[in-house]
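Coordinates in review
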Amino acid sequence: MTTAPDTKTAPAPRAGGNPSPVRSLALRWDTAVGVLLVAVLVVGLGSTEGFGSAENLAFAFNDIAEVAVIALPMTLLVVAGQVDLSVASMLGLGSALTGALWEAGWAFEMIVPVVLLAGVAGGLLNGWLVTKVGLPSLAVTIGTLALYRGLASVALGSDAVTDFPQVYADWAVDTTTVPGTFLTYPVLLFVILAAVTAVVLHATGLGRALFAIGAQEEAAYFAGIRVKRIKLLLFVVTGLFSAFAGVVFTLRYGSARADNGLGFEMLVIASVLLGGVDFDGGKGTLFGAVAGVLLIGLLRNLLTLNDIANEVQVIVTGLLLVASVLTPRVIATVVERRHRRAANAPASPSS
């Protein structure tokens, strides 16, 4: 067993050795996303009239509220090395069930629990197929993506249901804000859920277990972590949040449709990966995921204000997704090569 050198005589670290904490923070991808978010805000405020108004910011944040809510459990899933591509279809199913039950004469207060139970059931199915049957989550949720969207079509068909209770509809729109702020109630709910999720991920044993599962699932199992139970729980929570997002989406637009939220899975995944959460699992922060959501939301809003076509916005989102996956890996490869080169370099003679 070697002992640490005397701090009074230990040589200073060589160039190319372990970076300082400040340098490590600067090299982190989630920090870069935070800087990019600030840059978008500065550019928007300086170049686009009305971008910084309270009304526009309320609209911009409310416009991504459902994506942001779903991104929270998705972050936990990806950290644990899993993914759920059925979230947008579950949102659509939640919206379709809301419309079908409202049209059937149900009280809205009874509809919401039923929709949430449907989300839990969908999450249980995903989790059961992954943990009990042993199928990969990517393949499972591609299948349930089609299944849940099909069930939404069966529940409501091609119809649109409107005229929901005004008291609930007013709660979800971007013109109703929390007194004294520009935050809407769905965004305030997201802030609360994000704070809870951050504590779970970064300050509890469950959070440490998620990182361990994502880094090396077999080692986590032999360390006593209930891997299957935790993964099942993650899929259930993701289904629950997705169904709830379907209710919020329905109220915000005042329309229940089976195709609501179509394509949202791309925005959710792009936000999480853009925030620096490693798709292979074991790495990431909730700060990065939230910064990724806000960056995509504000960038889309800025492009819209400048009359940029929606097709271009989709292309920009796709490029950001590719960059979020590719850039950290390129940086990691370069840093690894530098460290390897530094380790193989002969030590300089002492003077």
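Rules and cut-offs
Residues numbered from 1 in each chain as written. Predicted model: local features only at pLDDT ≥ 70, side-chain atom pairs only at ≥ 80, totals over all residues. Heavy atoms only, no water. UniProt positions renumbered as here; feature names shortened; annotations may be inferred. Helix = DSSP H or I, 4+ residues; strand = E, 2+ residues; numbered from the N terminus. Salt bridge = Lys/Arg side-chain N within 4 Å of Asp/Glu carboxyl O. Buried < 20%, exposed > 50% of the residue type's maximum accessible area, 1.4 Å probe, protein only. Expected span 1.5 Å × (residues − 1). Contact = heavy atoms within 4.5 Å. Core = buried A, V, L, I, M, F, W, Y, C linked by side-chain atoms within 4.5 Å. Patch = residues over 30% accessible without salt bridge, like charges linked within 9 Å, V, L, I, M, F, W, Y side chains within 5 Å. Areas by Shrake-Rupley, 256 points an atom, 1.4 Å probe, with all protein chains shown as cover. Axes fitted to C-alpha atoms, helices over the stretch in contact; angles between N-to-C directions. Parallel < 35°, antiparallel > 145°, perpendicular 65-115°, else oblique. Left-handed = near helix turned anticlockwise from the far one by under 90°.

What about the UniProt feature "transmembrane region" (unreviewed entry) in the chain?
The feature "transmembrane region" (unreviewed entry), as annotated in UniProt, sits at residues 26-45, 57-79, 111-130, 187-211, 232-255, 261-279, 286-303 and 315-335 in this numbering. In this annotation, residues 315-335 is assigned 100% helix and 0% strand; the end-to-end C-alpha distance for the span is 30 Å.

Here's the deal with the pattern of salt bridges
One pass over the structure, following the stated rule, counts five salt bridges. Glu217 is the salt-bridge partner of Lys231, the closest N and O atoms lying 3.3 Å from each other. Linking Lys231 in helix H12 (residues 227-253) with Glu217 in helix H11 (residues 217-222), this pair joins segments that are 14 residues apart in sequence. A relative accessible area of 35% places Glu217 in the partly exposed class. Ionic pairing is found between Asp259 and Arg257, a salt bridge with its closest N-O pair at 2.9 Å.

Describing helix H6 (residues 108-131)
Taking 1.5 Å per residue, 24 residues should reach 34 Å; H6 reaches 34 Å between its end C-alpha atoms and fits that length. Along H6, the residues that are buried comprise Phe108, Ile111, Val115, Gly119, Gly122, Gly123, Asn126, Gly127, Leu129, Val130 and Thr131. On the buried face of H6, the contacting elements are helix H5 (87-103), helix H7 (137-156), helix H8 (166-172) and H12.

With respect to unusual backbone geometry
For Asp163, which is not a glycine, the phi torsion comes out positive at approximately 60 degrees. On the secondary structure map, Asp163 appears in the loop between H7 and H8. Taking relative accessible area as the criterion, Asp163 reaches 65% and is therefore assigned exposed.

Considering the nonpolar core
With 66 residues, the main nonpolar core has Met74, Leu210 and Leu298 as its most contacted residues. Not counting the four nearest positions on each side in its chain, Leu210 is found in contact with Leu76, Val79, Ala80, Leu201, Ile230 and Leu234. Leu101, Val247, Ala256 and Ala258 belong to the second-largest nonpolar core, a separate cluster that totals 19 residues.

Section: the side chain of Ser255
Within the secondary structure, Ser255 is located in the loop between H12 and helix H13 (264-274). Filtering out sequence-adjacent residues up to four positions away, Ser255 remains in contact with Ser95, Ala160, Val161, Thr162, Phe164, Thr250 and Asn260.

Let's talk about a nonpolar patch on the surface
Together, Leu125, Trp128, Val133, Leu135, Leu147 and Leu151 line one region of the surface with nonpolar side chains, adding up to about 500 Å² of accessible area. In this fold, Leu135 is placed in the loop between H6 and H7. Classification of Leu135 as partly exposed rests on a relative accessible area of 39%.

A short note on the packing of H5 against H6
Remark: H5 packs on H6, axes separated minimally by 9 Å, with the N-to-C direction vectors making an angle of 150 degrees. By the criterion of interaxial angle, the relationship of H5 to H6 is roughly antiparallel. Relative to H6, H5 is oriented so that their crossing is right-handed. Where H5 approaches H6, its residues Met90, Gly94, Leu97, Thr98, Leu101 and Trp102 are matched on the opposing element by Phe108, Ile111, Val114, Val115, Ala118, Gly119 and Gly122.

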